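Per-entry structural report
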Amino acid sequence: MFEFIQYGFMQRAFIAAILVSVACGAVGTYVVIKKIVSMSGAISHAAFGGVGLGYLLGVNPVVAAIPFSIVAALSMGAVLEKVKISEDTAIGILWSVGMALGIIFVNLKSGYAPDLFSYLFGSILTVSNTDLYIMLVLDLIILMVVFLFRREFLGVSFDEEFSKVVGLPSTLINMLLLALIALSVVVLIKVVGIILLIALLAIPAAICKQYTYDIRKLMISSTIIGAILTSLGLILAFIFNLSSGATIILVLGAALFISYFIQE
Amino acid sequence: MSLNALEMKDVSFSYNHQQVLEDINFIIEEKDFVAIIGPNGGGKSTLLKIVLGLLTPDKGEVKVFGREPKKALDLVGYLPQYTHFDLDFPIDVFETVLMGRYHGMFKNYTSEDREIALQALKDVDMERYKDRQISRLSGGQIQRVLIARALAREPKLLLMDEPMASIDPEMQNSFYRLISHLKDRMALVLVSHDVGTVSMHVDKIACLNQKLYYHGPAEEAGEGLEKIYHCSLDHISHGIPHRVLRKH
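In what follows, the accompanying structure is described. (Residues numbered from 1 in each chain as written. Chains lettered and ligands numbered in written order. Predicted model: local features only at pLDDT ≥ 70, side-chain atom pairs only at ≥ 80, totals over all residues. Heavy atoms only, no water.)

As a further point, take the packing of aromatic side chains. Under the defined criterion, the tally for this structure stands at eleven aromatic pairs over all chains. Arranged with centres 6.3 Å apart and planes meeting at 90°, the rings of A:Tyr55 and A:Tyr119 form a pair that is edge-to-face. Here the residue A:Tyr55 occupies a position in helix 2 (residues 37-57), and A:Tyr119 occupies one in helix 5 (residues 116-121), the gap between them amounting to 64 residues. Judged by centre distance (5.2 Å) and plane angle (50°), the rings of A:Phe158 and B:Phe89 are tilted. In this pair, A:Phe158 is assigned in helix 7 (residues 150-158) and B:Phe89 in the loop between strand 5 (76-79) and helix 2 (93-98), connecting two distinct chains. Taken together through their ring pairs, the aromatic side chains of A:Tyr30, A:Phe149, A:Phe153 and B:Phe106 make up a single cluster. (Phe/Tyr/Trp six-rings, centres within 6.5 Å; stacked < 30°, edge-to-face > 60°. Helix = DSSP H or I, 4+ residues; strand = E, 2+ residues; numbered from the N terminus.)

Have a look at this one:
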């Protein structure tokens, strides 16, 4: 029954599942407790502009998405800081403008974009070794930044006003957090795709938040839960020959649903 | 000569072309206990935010212990209205208080910081709850924790924004008992829209409704209050709670 484990692509898929879970555990925790899920959704969709740019320039779309989504996230942060616009409005605009840019970039590149769908909806079974290395490096950067700035991230997430009052550079820290979300988006793109990834980022932490009030335990348990559920989704997708990204998201959604029941 | 805890000179502030504060002149001496009273929307919170350096006035000068507000943050403690954050947040009491000891990026909390945070919890009699998640505390307990967080900074000036608003009358008395112990360590500024409960505990009352109308000993504050509330008021004295009622 478990013969699939011997395929190279399946082994890479499982490694990918673990690597995405690290990003989900570390950054997804902040996304959930700071209540910036829709902001993260906007950043993920803006990343499609980067994917399109990658096509246009003939570089790896995932690599192109790294600077693009960081710039998108930071400009979003700067706009919210400087311009009188509601966060809700800014999120909606970034969401579709990023997507639109991506589509135009792909248009500009003559010819057919064969695996565009894999960036939109994910394709964990086609993850390459290069993808894995990119994910690993981004994970390490994420973990390092989270470790170095854990006090600041906790402060701005819990009580931003008080953080300012004790001299914490909250604008800088908020920007850094947005950049981290952008990096996590890139880690997740290949696995569940831009359109679905916000659920993968948020659900593990949303599940675990019901059971622990310790942020460290929350991060670790979210990572473990994320890895288990992503792998389960992967196996189910393989067995029933379903779209992997969508299956993973549905498994996560079901788990969240069940966890609320258990908690009740 | 010792520095005043707070000096405001001709301070004005407007928000969206709406004048919120106008020509505020105000001095708080060391170890003063001052209540700033005024109706909602009268600019009380704005005034506190200016002292905290969160807002910059359009004109005028603000000095906190002789320094710019942003450069005096290590001397100022702040008790916000506790309703403004998510109680379900994954943080326990001790970690919350420890945040008051924040020194800057890449600087770990030292064992001294932990001791001071623990002492602050002892000061507010919340030591035994130090590992408890904040949503499992009552309103009055949360407020004590937030006072401890402010005290952990070892401030010389403590600013409190509507500390009465979220706690029941019984808790209010114990709050004043707690605060009165702090009086010899720091200047205390309390902002409130509730005249009665405040006046019998503080030394001085200032009345704020865009302009600062009066500033002086609590017993004599009645006239100033009448002006800002536009209503008559019995005279306020120690030990007698009052209600402000509009004239019919």
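Let us keep going from here.
Residues and elements named next belong to chain A. Taking 1.5 Å of rise per residue, the 20 residues of helix 12 (residues 244-263) would be expected to cover 28 Å, and the 28 Å separating its terminal C-alpha atoms lies within 8% of that figure. Restricting attention to buried positions, one finds in helix 12 the residues Ser244, Gly245, Thr247, Ile248, Ile249, Val251, Leu252, Ala255, Leu256 and Ser259. The inward-facing, buried residues of helix 12 abut helix 5, helix 9 (170-192), helix 10 (197-208) and helix 11 (215-240). (Expected span 1.5 Å × (residues − 1). Buried < 20%, exposed > 50% of the residue type's maximum accessible area, 1.4 Å probe, protein only. Contact = heavy atoms within 4.5 Å.)

Turning our attention to the pairing of strand 1 (residues 6-15) of chain B. Pairing between strand 1 of chain B and strand 2 (residues 18-28) of chain B: seven bridges, direction antiparallel. Residue B:Tyr15 lies in a different strand from strand 2 of chain B, and its bridge partner there is B:Gln18. (Pairing = 2+ DSSP bridges.)

All names here are of chain A. Look at helix 4 (residues 87-108): 31 Å from first C-alpha to last across 22 residues, which is about the 32 Å you get at 1.5 Å a residue. Those residues of helix 4 lying buried are Ala90, Ile91, Leu94, Gly98, Met99, Gly102, Phe105 and Val106. The buried residues of helix 4 occupy an angular sector of 155° when projected down its axis, which confines them to one face. Across from the buried face of helix 4, at angles greater than 90 degrees, the exposed residues are Asp88, Asn107 and Leu108. For helix 4, the elements touching its buried residues are helix 2, helix 3 (61-82) and helix 5. (Arc of directions from axis to C-beta.)

Residue and element names in this part refer to chain A. Assignment of secondary structure puts threonine 212 in the loop between helix 10 and helix 11. Since its relative accessible area comes to 13%, threonine 212 is described here as buried. Discounting chain neighbours no more than four positions away, the residues touching threonine 212 are Lys217, Leu218 and Ser221.

We now examine the interface of chain B and chain A. Opposite the 31 residues of chain B that make contact, chain A presents 29 residues. Interface area for chain B against chain A, summed over the two sides, is near 2800 Å², with a carbon-plus-sulfur share of 65%. Sorting the residues of chain B by area buried against chain A places B:Phe89, B:Pro90 and B:Tyr102 first, and these three jointly supply 24% of that buried surface. Counting across the chain B and chain A interface gives five salt bridges. Here A:Arg216 ties to B:Glu95 by a salt bridge, and the two come within 3.7 Å at their closest N and O atoms. Taken together, the links from chain B to chain A amount to eleven residue pairs in polar contact (both at pLDDT 80 or more). Residues of the side of chain B that touches chain A, tallied by class, amount to 15 nonpolar, eight polar and eight charged. (Buried area = accessible area lost by both parts, 1.4 Å probe. Salt bridge = Lys/Arg side-chain N within 4 Å of Asp/Glu carboxyl O. Polar contact = N/O pair within 3.5 Å; in protein donor to acceptor, adjacent residues only side chain to side chain. Nonpolar A, V, L, I, M, F, W, Y, C, P; charged D, E, K, R; others polar.)

In terms of nonpolar packing, the biggest core is built from 172 residues, with B:Met8, B:Phe26, B:Leu157 and B:Phe175 touching the most fellow members. Contacts of B:Phe175, omitting those with residues within four sequence positions, involve B:Leu79, B:Gln143, B:Ile147, B:Met160, B:Pro163, B:Met164, B:Ile167 and B:Leu190. (Core = buried A, V, L, I, M, F, W, Y, C linked by side-chain atoms within 4.5 Å.)

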